[in-house]
Amino acid sequence: GKVFKKGVSFGDTDGTGLKVGIVHARWNKEIIDALVAGARKSLEAAGVRMIQTVEVSGSFEIPYAAKALIEKGDYDAIICIGCLIKGSTMHFEYICEAVSQGIMRLGLESGVPCIFGILTCLTEEQALERAGLTANGHNHGDDWGTAAVEMAMIKKANRL
Amino acid sequence: GKVFKKGVSFGDTDGTGLKVGIVHARWNKEIIDALVAGARKSLEAAGVRMIQTVEVSGSFEIPYAAKALIEKGDYDAIICIGCLIKGSTMHFEYICEAVSQGIMRLGLESGVPCIFGILTCLTEEQALERAGLTANGHNHGDDWGTAAVEMAMIKKANRL
Amino acid sequence: GKVFKKGVSFGDTDGTGLKVGIVHARWNKEIIDALVAGARKSLEAAGVRMIQTVEVSGSFEIPYAAKALIEKGDYDAIICIGCLIKGSTMHFEYICEAVSQGIMRLGLESGVPCIFGILTCLTEEQALERAGLTANGHNHGDDWGTAAVEMAMIKKANRL
Amino acid sequence: GKVFKKGVSFGDTDGTGLKVGIVHARWNKEIIDALVAGARKSLEAAGVRMIQTVEVSGSFEIPYAAKALIEKGDYDAIICIGCLIKGSTMHFEYICEAVSQGIMRLGLESGVPCIFGILTCLTEEQALERAGLTANGHNHGDDWGTAAVEMAMIKKANRL
Amino acid sequence: GKVFKKGVSFGDTDGTGLKVGIVHARWNKEIIDALVAGARKSLEAAGVRMIQTVEVSGSFEIPYAAKALIEKGDYDAIICIGCLIKGSTMHFEYICEAVSQGIMRLGLESGVPCIFGILTCLTEEQALERAGLTANGHNHGDDWGTAAVEMAMIKKANRL
């Protein structure tokens, strides 16, 4: 087949004056720490100075905590970060589905963009790679930070 | 088994005076560009002169941006364009499901028809083919543009 | 194992005075035409005289058009007719799921019964058979028409 | 592995004064009749005297009819009874999913407990067994009747 | 691949003054009893003195009973405990999906955090292990109790 350029590129994003929340799970801490650091780094590179972080136990708790943050006030975007890895029961499948539907729903209902930063991996190796912790890995947190700024700009533009 | 004519045919569609939004992801840019161009071409062929395009990072962001556009005002239809290709994690499955449910929901709740222009492919070759970029390919964007005009006419007819 | 009588039987249904909408997709036209004719025939056999048909491009558009029809006014039941056949991408799966959930939801929220007349087939042969277009086939449209009359009667009975 | 006692046991349940609705599909009539009789028997054994039965064509219609019954008035619980058996198309999967989500949703939104009495079987033998129609079978309708009484008591307790 | 520390750790959690509900199913009683005891133990260790327990038949009934409890009044968190084990029909899959979506939805809509304490196991051995009833098992109820306290604190913090 034909080859095409994969991945995503961003234009200039200016996050000056934005307030962004990061809600993350604690499960698989090494992965999470790297992803949160990546998101924070790209938020700061875009000029975001107000970043609030909330920590919960597992990914299932993320939509609730994200909603609580939104109701507390005045966020321009929320980044939801978790890392689910397939285990021997069906826990992975039902959590992944409930959380992805929950975050989608929260964004549509609250009017605040909620970035889906949940890794849904079949192996630990996949998670490490997507957290930038392997030789050829890329930290997806970087992209989520930039996406949050971009979505916040769409939110502001359309509300004016 | 018996053979039957596949595919879909449209009658005359008149898009004069309609205002249509296109919300598209940037991931897999070559595919997206072709699909957006195809949609725009068929919109223009139907007489649509007001076309607004909004670009987001990934397909998960599309329903939020589509809703923001709808709230900004007065759109007759929105075309949601993305291209998801199966990778090694389960990201594809959960994004596809959340986005398809999100777009369905947005159409039902907002009263503005939202065309599902999300390719959910297992290979890159499938995506190229559906963007009209292979020898025997067909650009699905063409159909989405025509469908948007048709649905906008249903919206207007039923609101009178 | 023990054998039991399969299928479904209806008692007498009286559709006099009912107003029924048929919303159908155009994809796989030969199948659709047979199903719509079957539904119309059984509606008429039950005494229904007011039948409005709306045509859309694909099955994803059906819930939106059904809702538009319901809002326009005073329908006792809507029959949603489409024919989805498994292809090489995952399009089939995500459309089937979004449409089935959309129709379920529309019925519950609108208060107007919405009959699920969507074939979700793995082969064309299966679709032809369920449209009554093969030797041993049965036109499911017949059942959907009768079910629509029955559900309209439940709607009326419970609203008095 | 260790062995543990499976199944479910109920304490004393008192259904005196309760009003319970049974909404059932007609498909696979022999199975359904046994399940409905089982539910009715356990309701009566618990002292329930007001039992209203509504019959619909297929399981997809159950949530709508259950909602209509709830709106008509004053039910303490609804038992939803259907029997879906896997066939050659994907009809089974999409109906099962839409109906289970529909019944869950109806219970949460209406405030009236809706018992999930839908068999989702891969073979006819499995359905016969769960309707108590095989030598070693158990009629699940018995359990649904008892569960309905118990849930009605929870509803009443929490509303006082 | 690289190794990373799995599991989850909690900081200090102070449950003094909190009111927590436990809603649990009765199916697979030995498992459930262990999980409920584990949750209760960690709640008490965190200083929670007001714990209300509600028992229902199966996991499908849990979201309804949890909502009834929330409406009765003033809970800071609800722990939903059930144990589903894969059987020969598709009952497991549809119950798991409806319950996980139901609990997610209830948390988002009610404003009260609902902990997902539903085991979704393919074998009995997996359930025994996650209830701490095997040699190398860990009682997941412990984690759910701690998570409930933590989420209640997030709820309170964001409401002030």
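Below is a summary of the structure that appears in this document. Computed from a prediction, not measured in an experiment: that's the story for all the values here.

### Description of the sheet that holds strand β2 (residues 50-56) of chain B
Residues and elements named next belong to chain B.
Inference 1: Read from one edge of the open sheet, four strands run β2-β1-β3-β4, paired in parallel fashion. Here the strands that pair on one side only, and so sit at the sheet edges, are β2 and β4 (114-121). Taking the axes of each pair of neighbouring strands and ignoring which way they run, one obtains an average angle of 15° across the sheet.
Inference 2: Of the pairings in the sheet, the one linking strand β1 (residues 19-25) to β2 comprises seven bridges and is parallel in character.

### Some thoughts on the relation of the copies chain B and chain C
Inference 1: When chain B is brought onto chain C, the operation consists of a screw motion whose angular component is 72° and whose axial shift is 0.0 Å, with 0.0 Å RMSD remaining. The operation mapping one copy onto its partner corresponds to a five-fold rotation axis.
Inference 2: With a heterologous cut-off of 20% or less, the 7% of interface residues of chain B that recur at the interface of chain C puts this contact in the heterologous class.

### Things to note about empty space enclosed by the protein
Taking a probe equal in size to a water molecule and rolling it over the atoms shows the remaining empty space.
Inference 1: Counted according to the given criterion, the structure contains seven cavities of 30 Å³ or more.
Inference 2: Its volume calculated, the largest cavity comes out at about 90 Å³.
Inference 3: In terms of lining, the largest cavity is formed by I103, M104, G107, L108, P113, C114, I115 and M151 of chain B together with F60, E61, P63 and Y64 of chain C.
Inference 4: If you list the elements that add at least two residues to the lining of the largest cavity, you get α3 (91-110) and β4 of chain B together with α2 (62-72) of chain C.
Inference 5: Of the residues forming the lining of the largest cavity, the biggest block, four residues, is contributed by α3 of chain B.

### Some thoughts on the packing of aromatic side chains
Inference 1: Evaluation of the coordinates by the stated rule reveals 10 aromatic pairs over all chains.
Inference 2: On the numbers, 4.9 Å between centres and 25° between planes, the contact of F116 of chain B with F60 of chain C is stacked. Of this pair, F116 of chain B sits in strand β4 while F60 of chain C is found in the loop between β2 (50-56) and α2, placing the two residues in two different chains.
Inference 3: Accessibility expressed as a relative area gives 5% for F116 of chain B, which makes it buried.
Inference 4: The ring of Y75 of chain D carries K19 of chain D above its face, with NZ or CZ at 4.6 Å from the centroid.

### Brief notes about the pairing of strand β1 (residues 19-25) of chain D
Residues and elements named next belong to chain D.
Inference 1: With six of its seven residues buried, β1 lies for the most part within the structure.
Inference 2: Relative to strand β3 (residues 77-85), β1 runs parallel, the two being bridged by five bridges. Bridged to H24 within β3 is I81.

### Some details on the interface of chain A and chain B
Inference 1: At the interface, 41 residues of chain A touch 37 residues of chain B.
Inference 2: At the boundary of chain A and chain B, one finds two salt bridges.
Inference 3: Close ionic contact of R26 of chain B with E150 of chain A constitutes a salt bridge, the shortest N to O distance being 2.8 Å.
Inference 4: The tally of links from chain A across to chain B stands at 10 residue pairs in polar contact (both at pLDDT 80 or more).
Inference 5: Sorting the residues of the side of chain A that touches chain B by element identifies α3 (91-110), β4 (114-121), α4 (124-130) and α5 (140-159) of chain A as the ones contributing at least two each.

Calculation rules
- Residues numbered from 1 in each chain as written.
- Chains lettered and ligands numbered in written order.
- Predicted model: local features only at pLDDT ≥ 70, side-chain atom pairs only at ≥ 80, totals over all residues.
- Heavy atoms only, no water.
- Pairing = 2+ DSSP bridges.
- Helix = DSSP H or I, 4+ residues; strand = E, 2+ residues; numbered from the N terminus.
- Axes fitted to C-alpha atoms, helices over the stretch in contact; angles between N-to-C directions.
- Least-squares fit on C-alpha atoms with pLDDT ≥ 70 in both.
- Contact = heavy atoms within 4.5 Å.
- 1 Å grid on protein atoms, 1.4 Å probe; cavity = no way out; pocket = protein on both sides within 12 Å on 5 of 7 lines; lining within 4 Å.
- Points joined across faces, edges and corners; volume = space filled by probe spheres on them.
- Phe/Tyr/Trp six-rings, centres within 6.5 Å; stacked < 30°, edge-to-face > 60°.
- Buried < 20%, exposed > 50% of the residue type's maximum accessible area, 1.4 Å probe, protein only.
- Lys NZ or Arg CZ within 6 Å of the ring centre and 35° of its normal.
- Salt bridge = Lys/Arg side-chain N within 4 Å of Asp/Glu carboxyl O.
- Polar contact = N/O pair within 3.5 Å; in protein donor to acceptor, adjacent residues only side chain to side chain.

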